[in-house]
Number of protein chains: 2
Amino acid sequence: MSNAKVLPLLEPEAVAPCCPPLNERPMSADEAEVAAKMFKALGDPVRLRLFSAVASHEGGEACVCDISDVGVSQPTVSHHLKKLKEAGLLSSERRGTWVYYRVEPSVLAAMGALLAGAAKAA
Amino acid sequence: MSNAKVLPLLEPEAVAPCCPPLNERPMSADEAEVAAKMFKALGDPVRLRLFSAVASHEGGEACVCDISDVGVSQPTVSHHLKKLKEAGLLSSERRGTWVYYRVEPSVLAAMGALLAGAAKAA
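Residues numbered from 1 in each chain as written. Chains lettered and ligands numbered in written order. Predicted model: local features only at pLDDT ≥ 70, side-chain atom pairs only at ≥ 80, totals over all residues. Heavy atoms only, no water.

J.: Describe in detail the sheet that holds strand E1 (residues 61–63) of chain A, supporting the description with residues and values.
T.: Residues and elements named next belong to chain A. Spatially, E1-E3-E2 is the arrangement adopted by the three strands of the open sheet, whose pairing is antiparallel. Looking at strand neighbours, the two that pair on one side only are E1 and strand E2 (90–95), the edges of this open sheet. The mean angle between the axes of side-by-side strands here comes to 30°, regardless of whether they run parallel or antiparallel. Of the pairings in the sheet, the one linking E1 to strand E3 (residues 98–103) comprises three bridges and is antiparallel in character. Looking at E3, one finds that Ala-62 is bridged to Tyr-101. (Pairing = 2+ DSSP bridges. Helix = DSSP H or I, 4+ residues; strand = E, 2+ residues; numbered from the N terminus. Axes fitted to C-alpha atoms, helices over the stretch in contact; angles between N-to-C directions.)

J.: Which residues make up the interface of chain B and chain A, and what values go with them?
T.: Listed per partner, the contact involves 36 residues of chain B and 36 residues of chain A. Surface buried jointly by chain B and chain A totals about 2,900 Å² across both partners, of which 76% is contributed by carbon and sulfur atoms. Taken together, the links from chain B to chain A amount to zero salt bridges. At the boundary of chain B and chain A, one finds eight residue pairs in polar contact (both at pLDDT 80 or more). Among the secondary structure elements, those contributing two or more residues to the side of chain B that touches chain A are helix H1 (29–41), helix H2 (45–56) and helix H4 (105–121) of chain B. When residues of the side of chain B that touches chain A are assigned to their parent elements, the largest contribution, nine residues, is made by H4(B). Partitioning the side of chain B that touches chain A into residue classes produces 24 nonpolar, six polar and six charged. (Contact = heavy atoms within 4.5 Å. Buried area = accessible area lost by both parts, 1.4 Å probe. Salt bridge = Lys/Arg side-chain N within 4 Å of Asp/Glu carboxyl O. Polar contact = N/O pair within 3.5 Å; in protein donor to acceptor, adjacent residues only side chain to side chain. Nonpolar A, V, L, I, M, F, W, Y, C, P; charged D, E, K, R; others polar.)

J.: How would you explain the relation of the copies chain B and chain A if you had to name every residue and give the values?
T.: Related by rotation about an axis and a shift along that axis, the two copies of the chain form a pair. Overlay of chain B on chain A (RMSD 0.0 Å): rotation 180°, translation along the axis 0.0 Å. A rotation of that kind, with that shift, is consistent with a two-fold axis. Using C-alpha coordinates, one finds that chain B approaches the rotation axis most closely at B:Gly112, a distance of 2.0 Å. (Least-squares fit on C-alpha atoms with pLDDT ≥ 70 in both.)

J.: Which residues make up the pairing of strand E2 (residues 90–95) of chain B, and what values do they have?
T.: Inspection of the sheet shows E2(B) paired to strand E3 (residues 98–103) of chain B by six bridges, in the antiparallel sense. Looking at E3(B), one finds that B:Ser92 is bridged to B:Tyr101.

J.: Describe the pattern of salt bridges, with residues and values.
T.: Residue and element names in this part refer to chain A. Per the stated rule, a full pass over the model turns up eight salt bridges over all chains. Between Glu-93 and Arg-95 there is a salt bridge, with the nearest N and O atoms lying 3.2 Å from each other. When salt bridges that share partners are traced, they join Glu-61, Glu-93, Arg-95 and Arg-102 into one network.

J.: Lay out helix H1 (residues 29–41) of chain A in plain terms, naming residues and giving numbers.
T.: Three- or four-residue spacings in an α-helix give side chains the same orientation, since the helix completes a turn every 3.6 residues. Between its first and last C-alpha atoms H1(A) spans 18 Å; for 13 residues at 1.5 Å apiece the expected length is 18 Å, and the two agree. Residues of H1(A) that are buried include every one of A:Glu31, A:Ala32, A:Ala35, A:Ala36, A:Met38, A:Phe39 and A:Ala41, and no others. (Expected span 1.5 Å × (residues − 1). Buried < 20%, exposed > 50% of the residue type's maximum accessible area, 1.4 Å probe, protein only.)

The following block contains the structure:
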């Protein structure tokens, strides 16, 4: 007897946060609650720069130790990265002394589609 | 003598708010200032639902008179639509009694690309 099974691939859609393109139909209150939380997390200039710093860093991940040129203190950087993680935009992994953050591509793709889909048909 | 000239077409990029995909390079402070303002405008659940209501309304435009099922008063709807306009996400036009709001496709496309571009390469 074999345990080998073909597992279904986890498509990006499967972990997408929510929501059809903005112009498909009016968003429900629940959908808006989820999506607004993510937009809000990117709605601060410092947080957006930090997010971009992580996303553009070598290997698509970074620790606080890698990010020093945004002009805020290390505790502030840590605070913002935690907020981005809470919003579901970053995942994290501790390795030794440092926590490494990484962008969540499926979430970004879903947010992008939410906006770009609406743009296409407008 | 003819005044006829072939004018360059205004590509969506020409009116795009800013910014390369998030993972291309760290965002500058100025770029983050512009982009964060737009994300912030979508970072409120009621405002996001109203935005979606306009985007999904017949013809891609709506006046306050068309939007009544989000559970907030008409002055509140007007207030939020104005905020979305100030952030560059909606344009408006007065026709008779009502102001009609319309989504700005180029801005949405740029925001979508900012996120989706980052998702693709992550």
